[in-house]
Amino acid sequence: FNASYYKGIDFSIPVITKLENLQNHYGVTVAELINLQQFDEAIELIGRNKSPSKQVTAWLKALNSEYDTSINIANLITNRYFMPKENPIWQLAYPLYFWQYILSSSTKYQNLDPLLVAGVIRQESRFDSMALSVSNAFGLMQLIIPTARVVASQVSIPFSSQEMLHDPKTNISLGAHYLNGLINELNNPLYAVASYNASPNAVKNWINKNKGEDLDFFVEKIPYDETRNYVKKVFSSYWTYLSLYKD
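Let me begin by describing the structure that accompanies this report. (Residues numbered from 1 in each chain as written. Predicted model: local features only at pLDDT ≥ 70, side-chain atom pairs only at ≥ 80, totals over all residues. Heavy atoms only, no water.)

## Here's the deal with the nonpolar core
- Ranked by internal contacts, the top residues of the largest apolar core, which has 84 residues, are L60, I89, L92, L96, L115, F127 and F218.
- Residue contributions to this core peak at nine residues, all from helix α15 (residues 225–245).
- With sequence-adjacent residues up to four places away left out, L115 is seen in contact with Y6, L96, W99, Y238, Y241, L242 and Y245. (Core = buried A, V, L, I, M, F, W, Y, C linked by side-chain atoms within 4.5 Å. Buried < 20%, exposed > 50% of the residue type's maximum accessible area, 1.4 Å probe, protein only. Helix = DSSP H or I, 4+ residues; strand = E, 2+ residues; numbered from the N terminus. Contact = heavy atoms within 4.5 Å.)

This is how it looks when you write it as structure tokens:
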């Protein structure tokens, strides 16, 4: 990939509709609440309407920093209604929140595409920096404490507490370094993504069992359902990011 190209990307939450349209459809109060950035109240009023708009709700959720909910609503819309890629709802379904950290962390490495990092974050946490999994994985790139400690020492970041992993800049810096290490170790981003979910040792065993087979075959032969679905979803997101932001 051409790292210099990505420096031209400047993501911001797209405008779904004009305030005057909202005012005409939902009333003056909704428009005023949005102007005052009181998004929760605006969403509640829109929800009471006889014809609430999922697109507007996804937009307001994004503006309210409820990125995971916004993505899920927008994703449902794009899947159900086959929206053209020019529709800004796609940017809500596949956003680039924290782009400055994704870009600065990824471009340190020759083989790490920032949009692949975005695809991993979208699948891991839906861009919720406070995400915490049942397996105690933290933050945007869902890092567990032992991995985070090792990677932090590699990049000379003092690891003081698990709360650090809820900081977007720190989490992405550590996650990007770890993912890049997997790419270099396995010589393929698809194997690296599988390792990110499972483990490098597990993936190496699968590679040995399926020597000479193409990558599509490899994915279908992944014995862990979670990892097989994870790889498919991350790369589906990655390819969509490429179509939205690189073309």
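## Section: the packing of aromatic side chains
- Under the defined criterion, the tally for this structure stands at 14 aromatic pairs.
- Taken together, a centroid distance of 5.7 Å and an interplanar angle of 90 degrees make the contact between Y94 and Y241 edge-to-face. Of the two residues, Y94 sits in the loop between α7 (89–93) and α8 (99–106) while Y241 sits in helix α15, which places them 147 residues apart along the sequence.
- Classification of Y94 by relative accessible area gives buried; the value is 7%.
- Members of the aromatic cluster, joined through ring pairs, are F11, Y67, W90, Y94, Y97, F98, F127, Y241 and Y245.
- Its guanidinium or amino end placed over the ring of W90, K85 lies 4.9 Å from that ring's centre, counting from NZ or CZ.
- We note R122 situated over the ring of Y94; from NZ or CZ to the ring centre the distance is 3.8 Å. (Phe/Tyr/Trp six-rings, centres within 6.5 Å; stacked < 30°, edge-to-face > 60°. Lys NZ or Arg CZ within 6 Å of the ring centre and 35° of its normal.)

## Section: the side chain of N210
- Summarising the element assignment, N210 is placed in the loop between α13 (200–209) and α14 (215–220).
- Here W206 takes part through its backbone oxygen, which lies 2.8 Å from a polar atom of the side chain of N210.
- In contact with N210, other than residues within four places in its own chain, are F217, F218 and K221. (Polar contact = N/O pair within 3.5 Å; in protein donor to acceptor, adjacent residues only side chain to side chain.)

## Looking at the layout of surface pockets
- Of the voids in this model, the largest pocket is the one considered here, and its volume is about 340 Å³.
- In terms of lining, the largest pocket is formed by 15 residues, of which the most central are A137, Q142, I144, Y196 and N197.
- Of all the elements in the fold, those that place two or more residues in the lining of the largest pocket are α9 (114–125), β2 (143–144) and α12 (189–197).
- Top element by residues in the lining of the largest pocket is α12. It accounts for three residues.
- Per-class residue counts for the lining of the largest pocket are six nonpolar, eight polar and one charged.
- Estimated volume of the second largest pocket: approximately 170 Å³. (1 Å grid on protein atoms, 1.4 Å probe; cavity = no way out; pocket = protein on both sides within 12 Å on 5 of 7 lines; lining within 4 Å. Points joined across faces, edges and corners; volume = space filled by probe spheres on them. Nonpolar A, V, L, I, M, F, W, Y, C, P; charged D, E, K, R; others polar.)

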